[in-house]
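If you want the building blocks of each chain, they are given just below.
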Amino acid sequence: MRARALLLDAVLVGVSLLDIWVHVEADERSRMACALLATAALTLRRRLPWLTFLVALPAVLVSDAVFATLVALYTLASLTRRRVPLAWCALAVAASDTTSWSWPDPEFADLTDPFGLITATYSLATAAAPVFLGQLVQARRELSLRLTEISETRESERALLAQRVLAQERAELAREMHDVVSHQVSLIAVRAGVLQVGSRDPETREAAATIRRLSVQTLDELRHMVGVLRAGGSRPTELTPQPSLTDLPRLVDGSGIEAELRTDLPEDLSPPVQRAVYRTVQEALTNVRKHAPGATATIHVHHQDGAVRATVTNSAPRRPALPLPGAHHGLISLRQRAELLGGTVVAGPTAEGGYELRLDLPADRAHPTRRDG
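This one's a predicted model, so the numbers in the text were calculated from it and none came from an experiment.

Chemist: In this structure, what is going on with the environment of Thr75? I would like to understand it.
Modeler: Positionally, Thr75 belongs in helix H4 (residues 67–79). Put simply, Thr75 and Arg45 are 30 residues apart on the chain and 6.6 Å apart in space, counted from C-alpha to C-alpha. A polar contact is formed between the side chain of Thr75 and the side chain of Arg45, at a distance of 2.7 Å.

This is the structure we're talking about:
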């Protein structure tokens, strides 16, 4: 914008010099000096519009080189809201244009003469034109600013409305999770506790204890999630504590699956990458429990060529799988999470009758001053 303004000023100064070359003779030193001074004053028109006009006005009085004065008057009209002084400035330009300066006897236009009246009317119209044009540009500039403010206000209103709708949806979701899911999980925990106490089979008691422990853990996470949802989006709430790679052994040990975990990842991976690996392994182990009863699993998480790869492979199921409800949202969520991090998720059956889930992510290292979220 500054380069464009400088270019425009240079063009105006050039046109003003051309106007002087056409209307002022070289031997008319006083007129030439006034005209050149008016042209030089155009370089100050944006910062000192009043001074520029006052310096440029004498050029109209002593010569026919009026371009610099008209530009100064237009600039003044485009930058000020004081209309009465602008009217006086226009009258001063018109009066100067109709006056022939020949000191000490200046010649004024005879307004009683039709030709003199026409000349005065033309001079007044010439002086009024830059004033009206400058005021129009100023009004357009202010209108553009108002429209920008209105647009920003509307965007803010839309954002507030979206936040309000989101808060309502979060509150409804929190109620549904609390009323339905927590009730069912609580019943599972109670029944598992009864089975643990009443059974004499060690394996059954161990399975019941595992079910009860997982149910209680799920209830704790669910209560925290409900609290987050009820926050209503009023502030950025982090689902703390977030899992990391250090939680993988505990996840595998508590999965109820015979699984082998092998990891060789660096410790400075960013929290989003660590969470993505954790959630991928968690989802894979959940699918093994649901769809491949009795199968064993191998979890291999390693770093290779600037990428993180997590592979969960399970053997063929040893027992028929019980029909359980599912909408396949788990894999969709994993793929979306991986795509946001620039990675991929591939899943499919193996030649041995098992299943394999593989996550590939760029190894984004955590910066010491960086905060996740």
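From this point, things continue past the structure.
Chemist: Quick question: what am I supposed to make of the nonpolar core here?
Modeler: Counting residues in hydrophobic clusters, the biggest one holds 31 residues, and the most contacted among them are Leu248, Val277 and Leu285. Mapped onto this core, the elements with two or more residues apiece are helix H8 (248–253), helix H9 (271–291), strand E4 (297–304), strand E5 (307–314), helix H10 (329–340) and strand E7 (355–362). Top contributing element to this core by residue count: H9, with 8 residues. Among the nonpolar cores identified, the runner-up in size contains 21 residues, and Ala38, Leu76, Ala90 and Ala127 belong to it.

Chemist: How do you make sense of the sheet that holds E4 when you look at a structure like this?
Modeler: Strand-to-strand pairing in sheets goes through backbone hydrogen bonds, with the strands running parallel or antiparallel. Spatial ordering of the open sheet is given by E3-E4-E5-E7-E6, a layout of 5 strands whose pairing is mixed. Strands at the two margins of the open sheet, each flanked by one partner only, are strand E3 (259–263) and strand E6 (344–349). Strand-to-strand twist in this sheet, taken as the mean axis angle between neighbours without regard to direction, amounts to 10°. Sheet analysis places E3 next to E4, joined by 5 bridges and oriented parallel. Within E4, the position partnered with Leu261 by the bridge is Ile299. Along the sheet, H9 makes contact with E4, E5 and E7, crossing E7 at roughly 175°.

Chemist: Quick question: what am I supposed to make of the pattern of salt bridges here?
Modeler: Two side chains that carry opposite charge are able to pair once their charged atoms sit near each other. What the rule picks out here adds up to 7 salt bridges. One salt bridge connects Arg250 with Asp247, and the closest N-O pair in it is separated by 3.2 Å. In this structure Asp247 comes out as buried when scored by relative accessible area, which is 17%. One salt-bridge network, held together by shared partners, links Arg309, Glu356, Arg358 and Asp360.

Chemist: Is there a simple way to think about the side chain of Ser199 in this case?
Modeler: Mapped onto the elements of the fold, Ser199 is located in the loop between helix H6 (114–198) and helix H7 (202–230). Apart from the residues lying within four places of it in its own chain, the contact partners of Ser199 are Thr204 and Arg205.

Chemist: For this particular structure, what's the right way to read the packing of helix H2 (residues 29–41) against helix H3 (residues 49–62)?
Modeler: Helix packing for two helices is described by the angle between their axes and how far apart those axes are. At a minimum axis distance of 8 Å, the contact between H2 and H3 shows a crossing angle of 150°. With respect to H3, the element H2 is oriented roughly antiparallel. Pair H2 / H3 crosses with left-handed handedness. Judged by residue contacts, Arg31, Cys34, Ala35, Leu37, Ala38 and Ala41 of H2 engage Thr52, Val55, Ala56, Ala59 and Val62 from H3. Each residue belonging to the contact of H2 with H3 can be placed in one class, and the counts come to 9 nonpolar, 1 polar and 1 charged.

Chemist: Just to check I follow, could you spell out the pairing of E5 for this structure?
Modeler: Looking along a regular strand, one sees the side chains alternate between the two faces of the sheet. By the bridge criterion, 8 bridges tie E4 to E5 in an arrangement that is antiparallel. Bridging across to E5, Thr298 finds its partner in Thr313. Connecting E4 to the antiparallel partner E5 that follows it, the hairpin turn spans 2 residues, and Asp305 within it adopts a positive phi of roughly 55°.

Rules used in this analysis
- Residues numbered from 1 in each chain as written.
- Predicted model: local features only at pLDDT ≥ 70, side-chain atom pairs only at ≥ 80, totals over all residues.
- Heavy atoms only, no water.
- Helix = DSSP H or I, 4+ residues; strand = E, 2+ residues; numbered from the N terminus.
- Polar contact = N/O pair within 3.5 Å; in protein donor to acceptor, adjacent residues only side chain to side chain.
- Core = buried A, V, L, I, M, F, W, Y, C linked by side-chain atoms within 4.5 Å.
- Buried < 20%, exposed > 50% of the residue type's maximum accessible area, 1.4 Å probe, protein only.
- Pairing = 2+ DSSP bridges.
- Axes fitted to C-alpha atoms, helices over the stretch in contact; angles between N-to-C directions.
- Contact = heavy atoms within 4.5 Å.
- Salt bridge = Lys/Arg side-chain N within 4 Å of Asp/Glu carboxyl O.
- Parallel < 35°, antiparallel > 145°, perpendicular 65-115°, else oblique.
- Left-handed = near helix turned anticlockwise from the far one by under 90°.
- Nonpolar A, V, L, I, M, F, W, Y, C, P; charged D, E, K, R; others polar.

On their own, these measurements won't tell you what the molecule is for.
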